[in-house]
Amino acid sequence: MSVAEQSIAGAEARGHGFLASSVGRKVVMAVTGIVLFGFVTVHMIGNTQAYMGAEHFNAYAHFLKTMLHGGGIWIFRSILLTAAGLHVWAAVTLTLDNRAARPVGYRAQQNVGSTFASRTMRWSGTILAVFIVYHLLHFTTGTVHPNFDPANPYANFVNGFKVPAAAGFYIVAQLCLGLHMWHGVWSCTQSLGLSHPRYDSLRRGFATGLTLLVVGVNITYPIAVLAGIIH
Amino acid sequence: MEFNARIPDGPIEKKWEKHKFEMKLVNPANKRKYRVIMVGSGLAGGAGAASLAELGYNVDCFCYQDSPRRAHSIAAQGGINAAKNYRNDGDSVFRLFYDTVKGGDFRAREANVYRLAEVSADIIDQCVANGVPFAREYGGLLDNRSFGGAQVSRTFYARGQTGQQLLIGAYQALERQVGLGTVTMHSRHEMLELIVVDGVAKGIVARDMVTGKIETHLADAVILATGGYGNVFYLSTNAMGCNGTAIWRAHKKGAAFGNPCFTQIHPTCIPVTGDHQSKLTLMSESLRNDGRVWVPKKKEDCAKHPKDIKEEDRDYYLERKYPSFGNLCPRDIASRAAKQVCDEGRGVGASGRGVYLDFSDAIQRLGKAKVEEKYGNLFEMYERITDDNPYEVPMRIYPAVHYTMGGLWVDYNLQSTIPGLFVGGEANFSDHGANRLGASALMQGLADGYFVLPATVSNYLAGIKPGTRPTADHPAVKEAEANVKARMEKLLSIKGTKSPTHFHRELGKIMWEYCGMARNEAGLKKALELIPKLREEFWKDVRVLGEGESLNQSLELAARVADFLELGELMCLDALQRRESCGGHFREEFQTEEGEALRDDENFCHVAVWEYKGEGQAPERHIEPLAFENVHLATRSYK
Amino acid sequence: MSKHMNLTLHVWRQKNAKCDGKFVEYPAANISPDMSFLEMLDVVNEGLIEKGEEPIEFDHDCREGICGTCSMVINGRPHGPRERTTTCQLHMRSFKDGDSITLEPWRAEGFPVLRDLTVDRSSFDRIIAAGGFITAPAGTPQDANALPIPKENADLSMDAAACIGCGACVAACPNASAMLFVSAKISHLGLLPQGQPERHIRVRDMIAQMDAEQFGTCTNHGECEAACPKGIKMENIARMNRDFIKASLTYRPATGGGGGVG
C-alpha cells in the first residue's frame, strides 16, 4: 500500500506504544545518553587520580572493585550495559527508519543548519562502540594488553598508553567522543523538551563546556604517559 | 426564466432569525442518508463542508489544490470585520450593515447584507473557539484596527496573515471531519461539469488531476464555493489556479449570473515589471493607514529619485481630493485616482504605471521600530520582490484586479436558479454590491460557510426524500460525463501552435484595456469583437501537449482559459449594458464634473441577472430590482 | 535595466509515481533578474511547448509565499538559496549569468513524486486529521473576549501557526522527518487555552500518524529551521517532545466505556 492510500490511523495508532513511537525512542536515546555521558564524566574525574601517583590510583581502583562487598561495580556495570544496549538499539532502529524515510536521495544536498558533529553521530557512535569494547579488553580484562597485571591498575595504565598505537586510538576515540557529546548533550535536552529561549544559549554553552572538559582531560592521559609526565 | 430572491418578510433585523425558525429541519437519523458535494475548500467551502458534516451529512469536498489548506482565501492579509463594538467607538450591526451597503454603492441586497453583519460577531467567536490566534492586547483581549475605509475599529487580524489563520481554522475543522469519516476529501480534483437531472442539481463531473480520470460524483445537493474569476484578466492578485470553470459550467447549465462586470481593482499592488509577469502581488491595504500616497506634481520629475523631489513638488492626491478620508478612501476610488494620475503622465517607475506609497512621515512620527512592528513582514515581502527597501525609498504601487463582486446569482438562501445548487463566498454575487469593503471578504466567506449554508442547505434537504439520488447510469449523468471527455479530447487534439498561456495573456490584455478600471462604450464594443475572434483562434490553434490520463497542467489551464474566453465576453456585455458608474464599475460616459462615479438609480438600481441561452445565442439580461428601505440611496461621498 | 542572463537547468523529470526519473538539461536563456524563479520556469516551459516537448510540471499556486504549494529543491536547498523565502518569492537576481541550477522534487517516503517536481503531500493532511484541531463545531460559542489570552502566548501561538505546510522541513531534514511541521501545529494549539482539553490526545495521535506516514525522526540537525520559509523554530519540537512525554506518562488506556452517550 502506498503512503498516499493509507488512512488516518487515529485511535488504532494511539495504541502504538511509547517505545514503538519515534519520539519515544528519541527519549530513550536521550535518557540513556545522559547516563552514559554521566558515566564518562565521572570516569574522567576518577582518572585524574593518575596524576596523584600509583598509590592513590590503585586505592581508587580497589575501592571501585570492593564497594558494597564487590556488588557495587556490578550494579554500575549492569546499569551501563543496559543503557548502552538501549542506546544502540534506539540508534539502530531510528537510523533504519530514517534511511527508509528517504529512499531516493538528492543529487546536490547543501547543509545549512546542521553541524559536522550532528551529521556524524552515527559514525562517532560506532567508533565509540568499537572503542568501548577495545577499552574493556585493554584495561578491564587485559586481553589485548601487552603486560596486564590485575593487581596493579596504575602500571596497566602507564604501560598500556606507552604503546603509541593504543594511545593513538584512544585519542581518536576521544575526538569522536567530543563530537558525539557536543551534539548529544545539546540534542538530549531538545529530545526531552528541556528548552526555553531564555536558557537556549546555556544549553549550547553547557554542551561545549562539558565536552571540552571531559575530552580535554581524557586526552591528557595518553599524552602525559607518552611525554613521561605519568610514569 | 423565473427567479425569486425569497427575502423573508418582516423588519430587517428580524428576517434571519424568523427565517431560521421557519426553515425545515432534517430528522437526525436521516441526516447521514444525504450526500452533499462541496466544490472548493476556502473559507466558505472549508467551513461549509466542516459544518455540514458536523450536522451529520455526508460531504464530498473537492479542491484543485493538493490540500484544502491551500485555497486562495489564505492570501488575505488585512483582517476580518465584525460588529463587536469592543472599542466602544459606536459600532453596531446596523453600522456594519450600513457601511457595507454604502460601500457597495447601493448595488447589494439589503437583507443579505444585514444578515452578514448580524452573524459577523459569531464568526469571531467561532474562530477563537477553533484556535485562530488573533492579535491580542497585553490584557489578553482581542485587538482591533480600522481598515479599508471604515471609521470604526472593527477589524480583527492575525498579523498580516489573517486569511491564512482563518483558513487554517476552517481547514482543521474540515480535517477533523475527514478523520471522522464524514467528509471525503478529493484534493487535486477539478470540477468540469455540473450534473442536472430534471432541472435539479444532482452532482458534478470532476477530473482527477493526477490520473486524469474523469469521475462522476452524485449528491442530493451541490454547493459551489470556488472563489472569484479575477484571473480572466490574466494578471491579478488571485492564485495561478483560481478559475471560473465551476461557476461558468453551472451557468451554462442554467444558473443565472449576477452582475458579472463588477470587479474590484485593489489599489495597493506591486507594479508589473515586464511581459514575464505571471501574477500580481497585493500589499495589504492596512499600509494605507500610515503610508501616504503621492506622485510628482510635474511630469518631468517622474524620473527623479523620490528623495530628490521636494515636498512642495509632490501631489498627495488622495489627501487633496478626499480630505476627510484621505489615503483611506475605498478601494475603487483609490484605484481610479491612481489610474488618473498615471494617465496624466505623472506615474512613476520604469513602466510609468505606479504611484508612491511613502512611509517617511510615519517613520518620523512613530519611529522605525513601531513601523517595523506593524508592517515588518509586508516591507520584507516588498523588498524581496522589488529589491527596494521601503524604509528608505517609498514603495511603488499600482492597482490590480483583486476580487469579483459578481458571481452566480443566488437567493436569500444562497441557492442559485438551479434548485439544489448553492453558491457561497466570492463565487456568488450577493453581499458586496458594486464594491467590496476591505476585510469583508473573509467575513462573507465564513458567514456563508459556518452559518448560512448549513441552515439553508438543511432546509433544502428536508424537502427532498432521502435516497433519491440518480444512479451513475442515468442518461443525464452519462451525457455530462461524455461532454467533459469530449471537451478534453478536443483540447488535446487541436495540436495548434500557441500555448494556453498565450491565449490567456491575450485575453487578459483585452479585458484590462477595455473592461478594467475605466470602461466606455466604444472600448467594450471593441472587446466584444476581439474576444470571440480570440476564442475562435484558441479552438483552432491551441497547443496542449501530453495526454489526458496523466498530470497535465497545460490541459488544466487550457480548459480554464476556454471558459474564461466565454466568461470575459459576458463581463464586457454586462459592463456595456450597465449604463451608469457605480463602485468598481466606472463608465467614463457617466461621471460627475469632478470625475466621480455617477450612479443612475432610476434605471440601474438592480442586479443584472444573466441567463445563458445556448451556444451561439445572445444571453438574456433580466433584472432583480433592489429596494433600499433601511439605508437611503445617497451618493457616496468620501470627501 | 539590469542585464539578462543565461542559465543551465538540470531538472528531475519523472513521468509518474511508478516510472523511474532522470535529470534532463535545459537552457534558460535571456532571463531577467526581475523574474521570479517560477516565472523563469514559465518561460522555459513556453519554450518547451513551442518545441513540442512536454513542459516541466511543478506545483505552484498563490505565488506570493503563503499557500505553501510551491516545492522544489534548488541546488540542494528547499526553496532555494534565500533565507525565509519560498520558491515563488525567490527572484532571479539571486542568481548570476552562467549559473547551473539543479532542480529536484522534495525527497521523502512520505511525499511520493507524482510527476517531475510535483509530490503528494496528503500525508500532512492526514496528520492534521489525526489530531491537529480543536473540537469546536460551528454554533454559538462563548464570546471571543470571554477567554483572555496573554499576548505572549497568542504571539507564540501565531509564530507556530505561521507554518504554511509546504514540507520544506521534511525536504531539508537529512532524516526526512516531519517533526517541525507536526510540532508547529502542536504548539499553535497547545499554547492556547482552547487547545488544552485535547492537548495530550492531540500529541499522541499526531505523532502516531506521523510515524505511520513513514517520516523519519528528528536528530536535532537544525536543517528544518534553516530551510523553513516562515521561520518556524526548533523550540516547537522540544515543546512537542515535552508534551509527548507528559502525555505518555499520564495516559490511561481506554476502558471501552468512554465513548457511549447511552
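Rules and cut-offs
Residues numbered from 1 in each chain as written. Chains lettered and ligands numbered in written order. Predicted model: local features only at pLDDT ≥ 70, side-chain atom pairs only at ≥ 80, totals over all residues. Heavy atoms only, no water. Salt bridge = Lys/Arg side-chain N within 4 Å of Asp/Glu carboxyl O. Helix = DSSP H or I, 4+ residues; strand = E, 2+ residues; numbered from the N terminus. Buried < 20%, exposed > 50% of the residue type's maximum accessible area, 1.4 Å probe, protein only. Phe/Tyr/Trp six-rings, centres within 6.5 Å; stacked < 30°, edge-to-face > 60°. Domains from an automatic or database assignment. Contact = heavy atoms within 4.5 Å. Buried area = accessible area lost by both parts, 1.4 Å probe. Nonpolar A, V, L, I, M, F, W, Y, C, P; charged D, E, K, R; others polar.

How would you sum up the pattern of salt bridges? Please name residues and give values.
Pairs can form between side chains of opposite charge once their charged atoms are near each other. All names here are of chain B. Summed over the entire model, instances satisfying the criterion amount to 73 salt bridges over all chains. Of the charged contacts, one joins Arg188 and Asp66 as a salt bridge, the two residues approaching to 4.0 Å between their closest N and O atoms. Of this pair, Arg188 sits in the loop between strand 5 (183-186) and strand 6 (189-197) while Asp66 sits in the loop between strand 2 (58-62) and strand 3 (80-81), placing them 122 residues apart in sequence. In this structure, Arg188 and Asp66 share a single accessibility class: buried. As a salt-bridge pair, Asp220 and Arg469 come within 2.7 Å of each other at their nearest N and O atoms. Highlighted residues: Asp220 in the loop between strand 8 (214-218) and strand 9 (221-224) and Arg469 in the loop between helix 12 (441-462) and helix 13 (475-494), separated in sequence by 249 residues. Relative accessible area serves as the criterion here: at 0%, Asp220 is assigned to the buried category. What you see here is one network of salt bridges that share partners, running through Asp105, Arg107, Arg578, Glu580, Arg599 and Asp601.

Give a description of the packing of aromatic side chains that names residues and reports values.
Note on aromatic pairs: each is described by the distance of the centres and the angle between the planes. Within the structure shown, the criterion is met by 40 aromatic pairs over all chains. Ring centres 5.1 Å apart and planes at 65 degrees place the aromatic pair Phe3(B) and Trp409(B) in the edge-to-face group. Linking Phe3(B) in the segment before helix 1 (15-22) with Trp409(B) in the loop between strand 16 (407-408) and strand 17 (421-423), this pair joins segments that are 406 residues apart in sequence. For Trp409(B), a relative accessible area of 1% gives the class buried. Aromatic side chains Phe106(B) and Phe628(B) sit 5.5 Å apart centroid to centroid with 80 degrees between the ring planes, which places their arrangement in the edge-to-face category. Of this pair, Phe106(B) sits in the loop between helix 4 (93-103) and helix 5 (110-129) while Phe628(B) sits in the segment after strand 19 (620-625), and the two are 522 residues apart along the sequence. Here Phe106(B) falls in the buried class, since its relative accessible area comes to 2%. Taken together, Tyr51(A), Phe57(A), Phe131(A), Tyr134(A), Phe139(A), Tyr154(A), Phe157(A), Phe161(A), Phe169(A), Tyr170(A) and Tyr221(A) form an aromatic cluster joined through their ring pairs.

I'd love a proper account of the domain arrangement of chain C, names of residues and values included.
Residue and element names in this part refer to chain C. Considered domain by domain, chain C is made up of domain 1 (5-115) and domain 2 (122-136 + 144-249). Contact residues are listed per partner, giving 17 residues for domain 1 and 19 residues for domain 2. Here domain 1 meets domain 2 over a buried area of about 1300 Å², counting both sides, of which 61% is carbon and sulfur. Its largest share of buried area at the contact with domain 2, domain 1 owes to Pro78, Arg84 and Phe111, together 35% of the area lost on that side. In this structure, the connection of domain 1 to domain 2 is made through zero salt bridges. Taken together, the residues that form the side of domain 1 that touches domain 2 break down as eight nonpolar, six polar and three charged.

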